[in-house]
Amino acid sequence: MKKGFITAIGCVMAGAVSFGILGTFVKLARGDGYDVPAITFAQVFTGLVFLLLLNALPPGRREATRYFTGREKLLVILHGGCVGLISTEPCTWASVVY
Amino acid sequence: MWQLRIQLTLLLLLGITAAGLAQDPVLPAANFGMANIQDGVSPGPGLYYVQYLQIYQAREWRNAHGEQQEDAAGISSLLSMHQLIYETNRKVLGGNLAFSALLPVVKLSSSGGNHAPTINPGVIGGFIFGPVIQWSDRKLLGLSYWHRAEIDLAVPAGAYNTQYAVNPSSRFFTLTGYYAFTLFFTKDLSVSMRHHVNYNFRKIDADTRAGMFYNMNYSLEQRIAGSLRAAVAGYYLRQFTQDDYRGDRHYYQRTYGIADTREQVLGIGPGISYVTKGGLAAEAKVFFETAARNRTAGVRPTLKVAYKLN
């Protein structure tokens, strides 16, 4: 229980740091002359590569592969959609012009 | 006039169309290498979500003779295309009936200082939908053959405003028919193609019409390990007919001295695809354009992710 609790804290911290550092990377890239489409594409591509690498790791002692229920899929889509709206798509793109 | 045309023939990825100076209409967006590797293959009936992410950066402008033009403004674009596909068990012509709907989201960016064209800050492109018939695991010359036919209508319902030189959405309807297939030479080696024929309707509130055009995607893919595949992939575009004004296909030649308004481009590059155990299919490619006529030539990195929702 304690180990799981610490792991959860670590995951939240890693997520917060990853999300927070994004703006720094974007600002530095803009300063180096990259435009918004190039930065956004690099951001998504890097994320996809990391996810695929994580997915390719051997399962080890993790629990057996489980499949999402329809409700879980909907929640994941809603969550991912909100994060995507913040970081990559219409909201950011529209705000960049102002 | 030539400079005018090349500035208006902006890298069009998806419905990014020139406005205002409508003397010589540009082609609407098309599927340039968004789907290549094992394009004809379907995992079976179900509801699928597919996302395509494609960036385009022009390197040069080419005229009707393939000559490079010097002083052209630069534009780059990022397309995020969202697609829902529902494949049913209902049989039509021996295949499974399916439906597809696409919503493009586009971010445009321009450079070139005072010469940079004005960009519409809107991000929604035109809505595209249509019926599909999917034939799975058939035989052709004794080889495994997967194929699909679809008719799409692109509705110009996205962001468009005549005050901008470049818009995310077009201002006219486009009807597209396409046929895609994957032929397996062996279990590991296959070839895929997708052929589109596109008919453009007259521009709304204008008398111009972009010519009919053909575009195709191709891929020769080889399995490397597990579900990892490497491919040589690309696309080709060729406009069949001249652009017209009030039905006159010689108008631009006669009025502006443009010998040929038809566009052409060839893209080629490497690609890889991978399918996870959970069923997420990912595809990454980089296309380098050449043989451009009346349009830009550039680089087009592309990602595709597909997942079965239900």
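About the thresholds
- Residues numbered from 1 in each chain as written.
- Chains lettered and ligands numbered in written order.
- Predicted model: local features only at pLDDT ≥ 70, side-chain atom pairs only at ≥ 80, totals over all residues.
- Helix = DSSP H or I, 4+ residues; strand = E, 2+ residues; numbered from the N terminus.
- Buried ≥ 20, exposed ≤ 12 C-beta atoms within 10 Å, placed from the backbone.
- Pairing = 2+ DSSP bridges.
- Core = buried A, V, L, I, M, F, W, Y, C linked by C-beta atoms within 7 Å.
- Expected span 1.5 Å × (residues − 1).
- pLDDT = per-residue confidence, 0-100.
- Contact = placed C-beta atoms within 7 Å.
- Nonpolar A, V, L, I, M, F, W, Y, C, P; charged D, E, K, R; others polar.

## A few points about the overall build of chain A
Then comes step 1: Secondary structure assignment for chain A yields four helices and zero strands.
Then comes step 2: Burial status across chain A gives 9% buried among its 98 residues.

## A few points about the overall build of chain B
Then comes step 1: Scanning chain B from N- to C-terminus turns up two helices and 17 strands.
Then comes step 2: Of all 310 residues assigned to chain B, the portion counted as buried reaches 48%.

## What about the pairing of strand S12 (residues 213-225) of chain B?
Residues and elements named next belong to chain B.
Then comes step 1: Two elements, strand S10 (residues 189-200) and S12, share ten bridges in a ladder whose sense is antiparallel. Looking at the pairing, histidine 195 lines up with methionine 216 of S12.
Then comes step 2: One ladder, built from twelve bridges, connects S12 with strand S13 (residues 228-239); its direction is antiparallel. Along S13, the bridge assignment pairs glutamine 222 with alanine 230.
Then comes step 3: Following S12, the chain reverses through two residues before pairing antiparallel with S13; glycine 226 in that reversal takes a positive phi of roughly 55°.

## Some thoughts on unusual backbone geometry
Residues and elements named next belong to chain B.
Then comes step 1: The phi angle at alanine 291 is positive, at roughly 55°, despite the residue not being glycine.
Then comes step 2: Here alanine 291 lies in strand S16 (residues 281-293).
Then comes step 3: Residue classification places alanine 291 among the partly exposed residues on the basis of 15 C-beta atoms within 10 Å.
Then comes step 4: In this model, asparagine 294 sits at a positive phi of 60°, which is unusual for a non-glycine residue.
Then comes step 5: Within the secondary structure, asparagine 294 is located in the loop between S16 and strand S17 (295-308).

## Concerning the nonpolar core
Then comes step 1: Counting 36 residues, the largest nonpolar core has Phe41 of chain A together with Met34, Met81, Val106, Leu108, Val166 and Leu237 of chain B as its most contacted members.
Then comes step 2: Breaking this core down by element, the ones donating at least two residues are helix H2 (36-56) of chain A together with strand S2 (46-62), strand S4 (74-92), strand S5 (95-111), S13 and S16 of chain B.
Then comes step 3: Ranked by residues supplied to this core, first place goes to S2 of chain B with five residues.
Then comes step 4: Counting residues in hydrophobic clusters, the runner-up holds five residues, among them Val41, Trp146, Tyr178 and Phe181 of chain B.

## Comments concerning helix H1 (residues 2-31) of chain A
Then comes step 1: For H1 of chain A, with 30 residues, the first-to-last C-alpha span of 44 Å sits near the 44 Å given by 1.5 Å per residue.
Then comes step 2: Of the residues flanking the end of H1 of chain A, it is glycine 33 of chain A, one or two places downstream, whose phi is positive at about 100°.

## Remarks on the confidence of the model for chain B
Then comes step 1: Overall, the prediction assigns chain B a mean pLDDT of 87, with 90% of residues at 70 or greater.
Then comes step 2: Contacts from residues 1-22 of chain B, a stretch scored under 50 in pLDDT, to residues over four places away or in other chains number 81 contacts.

## Focus: the interface of chain B and chain A
Then comes step 1: Taken together, the contact pairs 20 residues of chain B with 19 residues of chain A.
Then comes step 2: Mapped by element, the contributors of at least two residues to the side of chain B that touches chain A are S2, S4, S5 and S17 of chain B.
Then comes step 3: Counting residues per element, the side of chain B that touches chain A draws most heavily on S4 of chain B, which supplies four residues.
Then comes step 4: Of the residues assigned to the side of chain B that touches chain A, the class counts are twelve nonpolar, six polar and two charged.

## What to know about the environment of leucine 53 of chain B
Then comes step 1: With respect to the secondary-structure elements, leucine 53 of chain B resides in strand S2.
Then comes step 2: Each C-alpha atom, one on leucine 53 of chain B and one on leucine 103 of chain B, is 12 Å from the other, the two residues being 50 residues apart in sequence.
Then comes step 3: When near neighbours in sequence (up to four residues on either side) are disregarded, leucine 53 of chain B contacts Phe41 and Val44 of chain A together with Ser80 and Leu303 of chain B.

## Some points on the confidence of the model for chain A
Then comes step 1: Summing up the model confidence of chain A, the mean pLDDT is 78 and the portion of residues at 70 or higher is 80%.
Then comes step 2: Confidence scores differ between elements of chain A, with helix H4 (residues 90-96) of chain A showing the lowest mean pLDDT of 57 and H2 of chain A the highest of 85.

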